[in-house]
Amino acid sequence: MNIPVDPFMWIMAFLPIITLIVLMVIFRWGASKAAPVGLIITIFTGLIFYKANIPLLAIESAKGVWNALVIILIIWTAILMYQVGDQAKAFLAIRSGMNLLLPNELLLVMAMGWVFESFLQGITGFGVPVAVGAPLLIGIGVKPLWAVVIPLLGQAWGNTFGTLAAAWDSLALSAGLITGSSEYFKTALWTSAFIFLWNCLAGFAICWFYGRWKAVSKGFYALVVIALIQGGGEILLSQVNTTLCCFIPALVSLVVLIFMGQMKQYKEPWKIEESKIMDRTVTASSEQNKIPMTLIQAFVPYFLLSIITIAVLTIEPLNNFLGQWSWGPSFPETSTGLGYVNAAVKNYSPLAPLTHASMFLFVSAIIGLIYYQAHGWIKNGAVSTIFSKATKMTMPSGIAVVTLVIMSRIMSGTMQTTVLANGIAATLGKSYVILAPFVGLLGTFMTGSNMSSNILFGDFQMVTAKMLSLDAPSILGAQSAGGAIGSALSPSKIILGTTTANILGKEGDVMRQLMLITIPATIVIGLILYVTIVIF
């Protein structure tokens, strides 16, 4: 098979992605409108230029539907948890309780939009921090658009080593790294170092959005401490235990931030009245006084989510027992007219429902519902309303997710994704290292998963590094760091946030804000890599 890497074929492969970006960012189309256009172009380029056939397109579409189902399960269960809390007026209690616990509003936003999301990413991942974080931020007074932007930034640093290092393990497997080898730990060091830089930039951006330099100055101490615990802790632990090197720092930063709220610098009430991300028109004090619910009671579903997730994912016998039930569909081998072969799969992307994030969300939501009902905060007749609203909110975003994931699968199955990456490497030579993190970002942008990006491009990055006589661990580190940054920009993840924030259709506005941070950050990582391994 000869990979058709020439300018025309590269442009044709890039056409669906640039169309998606232009429609969402410039024309401000929602994902549900833009995604079908991108899909049609992907099918056209696949059939005409990449010599795909109808059976191949049908099978890749079926794979996309299966992958999308997993995402939709998370969307629905996350919205269900939100509806349970909303019906019980738990978010009003959270708002008033957190204001008392962290009277400094900037610290409160950092806690709910960065640190708590990091904790969730450390154990769950799969977009849960975004889906859960958006309504929590709205509950403390953040405007819906920013309630989506902030958790997308806050969770991204944990995307490689979070979810108990699922994406990292995929990178190591794809690139052929031997666990425990010097190359393995060197790659982990480069990856965590690049992610540390991104985490600092994300924390800075959250402060900047809240109140420009005034907020950066006020939050600087907290920003440095949190970044050092999260990013610095991840660097140190990556050389000891990659499985827990995100979860432990994220947990420590959550505890430290609570204590930080009692320090002299942050224990007094403080806020910027003109903050563009805060909704000052909401005054819920009169309603809050009527709710006999404490902050701890309001957080019951989220405590349960944390406890259940940690127990299932860290207690190996329990995980093995629950994980034994899994299933994935079978698909036959397909090939394009250019000779690109998609191998047959007997158990494609198997879903283990009892160890999946959606099950943790569902169980937490149901127990939370029962708990709130027992205290009289949710009436019996409201249960059907909760499920009905959750289903109605999920349907529009579900259509967009299915379309986006099918588009991703067809691009991968027709070799368009491979051509994009190979074209960059073939054109730039050693200067390719500047764009190495962009390849990781591209993979996550398309698939919505850093893990998928690492599977897709891990081996490619390793082969390219050896072909150009470059340091492979640093290239692989840039790949996964770029993938982590891309998780903030992925349309399918943005949809999770806009759905639970009830602003579906505003994905382009969210993406526009995120591109101002993610693109420069990826360029900086690429330049650092170039200076480090090419010039010196």
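For the structure given in this document, a descriptive report is provided here. (Residues numbered from 1 in each chain as written. Predicted model: local features only at pLDDT ≥ 70, side-chain atom pairs only at ≥ 80, totals over all residues. Heavy atoms only, no water.)

### Here we look at the side chain of Ser253
Phase 1: Mapped onto the elements, Ser253 comes out in helix α10 (residues 247–260).
Phase 2: Here Gln230 takes part through its side chain, which lies 3.1 Å from a polar atom of the side chain of Ser253.
Phase 3: Those residues in contact with Ser253 that sit more than four places away from it in its chain are Val115, Ile226, Ile229 and Gln230. (Helix = DSSP H or I, 4+ residues; strand = E, 2+ residues; numbered from the N terminus. Polar contact = N/O pair within 3.5 Å; in protein donor to acceptor, adjacent residues only side chain to side chain. Contact = heavy atoms within 4.5 Å.)

### As for helix α20 (residues 472–486)
Phase 1: Over its 15 residues, α20 extends 21 Å from the first C-alpha to the last, a length consistent with the 21 Å expected when each residue adds 1.5 Å.
Phase 2: Taken across its 15 residues, α20 has 15 buried, putting it largely inside the fold. (Expected span 1.5 Å × (residues − 1). Buried < 20%, exposed > 50% of the residue type's maximum accessible area, 1.4 Å probe, protein only.)

### As for the nonpolar core
Side chains of a nonpolar character, in soluble globular proteins, are inclined to be buried together.
Phase 1: One finds Ile94 and Leu153 to be the most contacted residues of the largest nonpolar core, which totals 174 residues.
Phase 2: Sequence-distant contacts of Leu153, that is, excluding residues within four places in its chain, are made with Trp198, Ala202, Ala205, Ile206, Phe209, Leu514 and Ile517.
Phase 3: By size, the runner-up hydrophobic cluster in this structure holds six residues, among which are Val70, Phe331, Tyr348 and Leu351. (Core = buried A, V, L, I, M, F, W, Y, C linked by side-chain atoms within 4.5 Å.)

### Points about the packing of aromatic side chains
Phase 1: Under the definition given, this model contains 27 aromatic pairs.
Phase 2: Summarising the aromatic geometry, the rings of Phe299 and Phe303 are spaced 5.9 Å apart at their centres and angled 35 degrees between planes, so their arrangement reads as tilted.
Phase 3: By relative accessible area, which is 41% here, Phe303 ends up partly exposed.
Phase 4: Ring centres 5.3 Å apart and planes at 85 degrees place the aromatic pair Phe321 and Trp325 in the edge-to-face group.
Phase 5: With relative accessibility at 48%, the residue Phe321 sits in the partly exposed group.
Phase 6: With relative accessibility at 45%, the residue Trp325 sits in the partly exposed group.
Phase 7: Here the aromatic residues Phe116, Phe119, Phe247, Phe299, Tyr302 and Phe303 are joined through ring pairs into a cluster of three or more.
Phase 8: Directly above the aromatic system of Trp29 lies the positively charged group of Lys33, at a separation of 4.8 Å from the ring centroid. (Phe/Tyr/Trp six-rings, centres within 6.5 Å; stacked < 30°, edge-to-face > 60°. Lys NZ or Arg CZ within 6 Å of the ring centre and 35° of its normal.)

### Re the environment of Asn502
Phase 1: Relative to the helices and strands, Asn502 resides in the loop between α21 (491–500) and α22 (507–535).
Phase 2: Along the chain, Asn502 and Met393 lie 109 residues apart, while their C-alpha atoms are 7.8 Å from each other.

### Examining the packing of helix α1 (residues 7–26) against helix α16 (residues 382–413)
Phase 1: As a packed pair, α1 and α16 sit with axes 11 Å apart at the nearest point and diverge in direction by 160 degrees. What the angle tells us is that α1 and α16 run roughly antiparallel. In the crossing of α1 with α16, the sense of the turn from one axis to the other is left-handed. Contacts between α1 and α16 pair Ala13, Pro16, Ile17 and Leu20 from the former with Leu404, Met407 and Met411 from the latter.
Phase 2: The residue inventory of the contact of α1 with α16, partitioned by class, reads seven nonpolar, no polar and no charged. (Axes fitted to C-alpha atoms, helices over the stretch in contact; angles between N-to-C directions. Parallel < 35°, antiparallel > 145°, perpendicular 65-115°, else oblique. Left-handed = near helix turned anticlockwise from the far one by under 90°. Nonpolar A, V, L, I, M, F, W, Y, C, P; charged D, E, K, R; others polar.)

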